[in-house]
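An overview of the molecular structure
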Amino acid sequence: MDNRSSLLPAAASLFATSCLQCTLVYLTTLNAYAPGPYYPLMLLPYSLVLFAANRLFLRRERTVLGLVLLNGGLSLAAFLSVVLVNPLPDWGSLLFAALFCLWLAARAGQLAWSPPTLFQLILSVDLCLAALALFTAYLAALELPVSWCAPIAAGCAASILGLIVYRSGSSLNLKSGLFLAAVFAGVFAMVWLLVGYLAAPAGEGLVTLWNWLVSAVLFLLGQLWRLLVFLTSLLPPAPAEELTLEPEQIQMPEQEETLTQANPVVLAAFLAILALAALVLAIRLALRLRRLRLAPHTHSVRISGTRAGRISLLAGLRRLLAGLWSRFVLRLTLWRNRNTAWGLYFLLVRRSAPTPWHKLRGETPREFLTRLREGAAGDQDLAQALDRLIPAVDLALFSPGGPEGELPQAPLIRRRLGRAMGLLTLRQLVSRLPGLRSRLAGENPGGPSPHSSSPA
């Protein structure tokens, strides 16, 4: 994917981040007051201005210090515009406005130099959709107009569009730009219609869920209070003697007011030391960043990794149905040939797969059947039937004109082999119990090792 194809996904990711920040401000302030017309809506065009400025700045070789100064100046200018145009009511709102402006500036510099990955784009879509659902229910619960959802709806449309462009891998030109603008308008209209129709039911559901949660908590607190009252009723009654004090006998300790006044010379010296230390750290950091250089993004920015090819839903359903049909045909073929030598062999391989007697890697059919025959030595009829099955399987699998007829011993092998293997496993577990007991008791077993003993 070339550099131009990473332009729109990066800008869409940054724009979706600004939409999330705007919605977060609405979510924390709409229950108290309505935000002004400037902030937080200014975060949306501010993010696009940041991205364009960083892309233009990185068209030539730059230092990291220059990139930091550019984004720091833009974030400071944005914050000062918020303070002057739309004064915020408290210090907490000012702090969050400064953090949002700084965060978008840092993210813009990162995206202008290194485009987003597929995981980051998918995460942006998920966060926008989750915020849209939560904020829609919140507005409906407060009976506020759904027009406040416009920023997060635009963020959802932008994140989806960025993901589509990333997966397509096509470069951006005039024709594709007009097409993507039409796609963005269509996705935004669809999200907006969805929000308009689902706002009221979502709000009612949120209120109902909140009422259920409050009722459950009150019920649990009531039961806990009843339990405490019951436990206190089991305690012995208090003694009849009571300690009484006259008000005159109660004396409060005298409070001595100690006023400590700091020495202004010491405080000024401490502040001067802190300012000097901060200045030295800032100078050292600037010198370090000045040595780091960034190559022009037109030559270095590439989206790493290969895009996994995707198939359509119809092709996926065809593959699923084909897999199910092949499994059904295999089961039917094995059932029809269950009495032949090769059919019985593959049936035994499939049945023994989840057991300790499964066919080992690199084991021949004769070795596998011989091991089953040794385990079924306690049943003479089964052992004789397996003795006749082993050469028949060799002929059926490796002889060009192997026998295709049915074996008379096949029903006996299918009936008795599972029971014989189960009895053998049980005997091995019983034979290992004495050694397990002695190990648990901390003793050294004197008998033979359970792994060396095998029942005949």
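Everything discussed here concerns the structure shown above.
First, a word on scope: everything that follows refers to the structure included in this document.

Definitions and cut-offs
- Residues numbered from 1 in each chain as written.
- Predicted model: local features only at pLDDT ≥ 70, side-chain atom pairs only at ≥ 80, totals over all residues.
- Heavy atoms only, no water.
- Patch = residues over 30% accessible without salt bridge, like charges linked within 9 Å, V, L, I, M, F, W, Y side chains within 5 Å.
- Areas by Shrake-Rupley, 256 points an atom, 1.4 Å probe, with all protein chains shown as cover.
- Salt bridge = Lys/Arg side-chain N within 4 Å of Asp/Glu carboxyl O.
- Lys, Arg positive; Asp, Glu negative; His and termini not counted.
- Charge placed at Lys NZ, Arg CZ, Asp CG, Glu CD.
- Helix = DSSP H or I, 4+ residues; strand = E, 2+ residues; numbered from the N terminus.
- Buried < 20%, exposed > 50% of the residue type's maximum accessible area, 1.4 Å probe, protein only.
- Core = buried A, V, L, I, M, F, W, Y, C linked by side-chain atoms within 4.5 Å.
- Contact = heavy atoms within 4.5 Å.
- Disulfide = S-S within 2.5 Å.
- Phe/Tyr/Trp six-rings, centres within 6.5 Å; stacked < 30°, edge-to-face > 60°.

**Some remarks on a positive patch on the surface**
A cluster of basic residues, Arg327, Arg331, Arg350 and Arg351, forms a positive patch on the protein surface. Going through the elements one at a time, helix H10 (313-336) and helix H11 (341-351) are the ones with two or more residues in the positive patch. Its place among the elements puts arginine 350 in helix H11.

**Describing the pattern of salt bridges**
For the coordinates displayed, the defined rule picks out two salt bridges. Here arginine 371 makes a salt bridge to glutamate 363, at a shortest N to O gap of 2.9 Å. Two residues, aspartate 394 and arginine 366, come together in a salt bridge whose shortest N-O distance is 2.6 Å. A residue pair is termed long-range when its members are at least 10 positions apart, and aspartate 394 in helix H13 (residues 380-398) and arginine 366 in helix H12 (residues 365-375) qualify at 28 residues. Classification of aspartate 394 by relative accessible area gives buried; the value is 19%. Its relative accessible area of 42% is what places arginine 366 among the partly exposed residues.

**Quick word on the nonpolar core**
Counting 23 residues, the largest nonpolar core has Leu348, Leu369, Leu389, Ile413 and Leu417 as the members making the most contacts within it. Elements with a minimum of two residues in this core: H11, H12, H13 and helix H14 (410-440). No other element matches the seven residues that H13 contributes to this core. Setting aside anything within four residues of it in sequence, one finds leucine 417 in contact with Leu348, Leu372, Leu382 and Leu386.

**Here we look at the state of the cysteines**
Applying the stated criterion to the full structure yields zero disulfides. There is no disulfide at cysteine 19, and the cysteine sulfur nearest it, in cysteine 128, is 6.8 Å away. Left without a disulfide partner, cysteine 22 is nearest to the cysteine sulfur of cysteine 19, which lies 7.1 Å away. With relative accessibility at 0%, the residue cysteine 22 sits in the buried group.

**Topic: unusual backbone geometry**
Put simply, tyrosine 39 and proline 40 share a cis peptide bond, and its omega is 10°. When you line up the elements, proline 40 lands in the loop between helix H1 (7-29) and helix H2 (43-57).

**Points about the packing of aromatic side chains**
Between two aromatic rings, the relevant description is the distance of the centres plus the angle of the planes. Counting across every chain of the model gives eight aromatic pairs. A ring pair is formed by tyrosine 26 and tryptophan 148, whose centres lie 5.0 Å apart and whose planes are at 75°; its orientation type is edge-to-face. Placement of the pair is tyrosine 26 in helix H1 and tryptophan 148 in the loop between helix H5 (118-141) and helix H6 (150-168), with a sequence separation of 122 residues. Tyrosine 26 gets classed as buried once you look at its relative accessible area, which sits at 3%. Ring geometry for phenylalanine 96 versus phenylalanine 100: centroids 6.1 Å apart, planes at 50°, classification tilted. Taken together, the positions of phenylalanine 96 and phenylalanine 100, both in helix H4 (residues 91-113) and four residues apart, correspond to about one turn of that helix. Using a relative accessible area of 11% as the deciding quantity, one classes phenylalanine 100 as buried. Among the aromatic residues, ring-to-ring pairing joins Tyr26, Phe135, Tyr138 and Trp148 into one connected group.

**A word on the environment of proline 87**
Examined against the element boundaries, proline 87 turns out to sit in the loop between helix H3 (64-85) and H4. The exposure class of proline 87 is exposed, given its relative accessible area of 57%. Separated by 51 residues in sequence, proline 87 and glycine 36 have C-alpha atoms that sit 8.8 Å apart.

The values reported here are purely geometric and, on their own, carry no functional implication.
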